[in-house]
Structure formats: C-alpha cells, structure tokens
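Structure assessment
Listed below, chain by chain, are the residues.
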Amino acid sequence: MALLTQAEGTSTVTENIFENRFMHVSELNRMGANIAVSGRSATVKGKTKLQSAAVMCSDLRASAALVLGALVADGESILDRVYHMDRGYERMEEKLRGVGAQVRRMGEVFGRR
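Residues numbered from 1 in each chain as written. Predicted model: local features only at pLDDT ≥ 70, side-chain atom pairs only at ≥ 80, totals over all residues. Heavy atoms only, no water.

Here's the deal with the side chain of Ser63
Definition in use: Here a helix means four or more residues in a row that DSSP labels H or I, a strand means two or more in a row labelled E, and each is numbered from the N terminus. Partly exposed residues are those whose accessible area sits between 20% and 50% of the maximum for their type, while under 20% is buried and over 50% is exposed, using a 1.4 Å probe and protein chains only. By definition in these notes, contact holds between two residues if any of their heavy atoms fall within 4.5 Å.
Checked against the element boundaries, Ser63 lands in helix α2 (residues 60–72). Ser63 sits in the buried class, given a relative accessible area of 0%. Residue contacts for Ser63: discarding those within four places in its chain leaves Cys57, Leu79, His84 and Met85.

Structure below.
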C-alpha cells in the first residue's frame, strides 16, 4: 500500500482474511498519503509526496508498509513498536542499510501501553 502511494492514478486493495489489516492506513495518511478505507477495501490515490512522521506499527505487514513509506518520505521518520516487524523480517535494518537506506534502531520511543 505504501508503494501504491507513489504510483500514478488510483489503486484499490481488498482484504478478505484479516479484518484489521488496514490499521496502518491512518499512519500512512499522517505521512501525507491519500488513502480511504471502506469496509474491506482501501482506495489509494497517488502519486503522493510523503512527509516524515512519528508512526506506530500495528502488525507485521503494517510495519513493512510504514518502513517503505518512511524510505520514500522527505525527512526523518520514527517508527515505534517495530517488534512486530522483527517477528517476520530478520535483520531488516541491516538489509536496508545494505541497499543504501539510512536507518537505525533507537529503542522504545512512545513507551509501553
């Protein structure tokens, strides 16, 4: 979904398995994305310039989407609760640095809830 924010035109993503799959949409929208959710579908209008923001990762796929959004955003973004990402993507920041991304792990930013 983050990559669709960079594509020309309008895209639709439909989720038929996990009812809370779109929890990250509000976080991408905070970065400047133009995404609307209606039921099990999300409509992404691109091409949108994303801006840095402090965002919260809600699940594994949301974490990956927010990382991609942060990589294309202007400025420095902060992602909290990346432990979701750690469950499914081994050494993600190391791999991203390997292709030129400027990423670092800082520890908890927002505190435990």
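The rest of the description comes next.
A short note on the pattern of salt bridges
Cut-off, in case you're wondering: One speaks of a salt bridge when a side-chain nitrogen belonging to Lys or Arg is within 4 Å of a carboxyl oxygen belonging to Asp or Glu.
With the rule as written, the count across this model stands at seven salt bridges. With its nearest N and O atoms 3.3 Å apart, the salt bridge here joins Arg91 to Glu94. Among the residues examined, Glu94 registers a relative accessible area of 44% and is labelled partly exposed. In this structure, Glu93 and Arg105 form a salt bridge, with 2.9 Å as the shortest nitrogen-oxygen distance. With Glu93 in helix α4 (residues 92–98) and Arg105 in the segment after α4, the pair connects residues that are 12 residues apart, well separated along the chain. The partly exposed category is assigned to Glu93, whose relative accessible area is 22%. A single salt-bridge network, built from bridges that share partners, covers Asp86, Glu93 and Arg105.

What about the nonpolar core?
We apply this condition: The set of buried Ala, Val, Leu, Ile, Met, Phe, Trp, Tyr and Cys residues whose side-chain atoms join them within 4.5 Å is what this entry labels a nonpolar core.
Membership of the largest hydrophobic core comes to 24 residues, with the highest contact counts inside it found for Leu28, Met31, Ile35, Val55, Leu66 and Leu79. When contributions to this core are tallied by element, the ones reaching two or more residues are α1 (25–30), β3 (41–46), α2 and α4. Each residue touching Leu79, except ones within four places of it in the same chain, is listed here: Val55, Cys57, Ser63, Leu66, Val67 and Ala70.

Focus: the environment of Glu15
Inclusion rule: Definition of a polar contact: a pair of N or O atoms within 3.5 Å, with one able to donate and the other able to accept a hydrogen when the atoms are protein atoms, and with sequence-neighbouring residues admitted only if both atoms are side-chain atoms.
With respect to the helices and strands, the residue Glu15 is situated in the loop between β1 (9–14) and α1. Taking the C-alpha atoms as reference, Glu15 lies 9.1 Å from Gly39; in sequence the two are 24 residues apart. Apart from residues lying up to four places away in sequence, Glu15 is in contact with Arg21, Phe22 and Arg40. For Glu15, the side chain forms a polar contact with the main-chain nitrogen of Ile17, separated by 2.7 Å.

That's the geometry; what it means functionally is another story.
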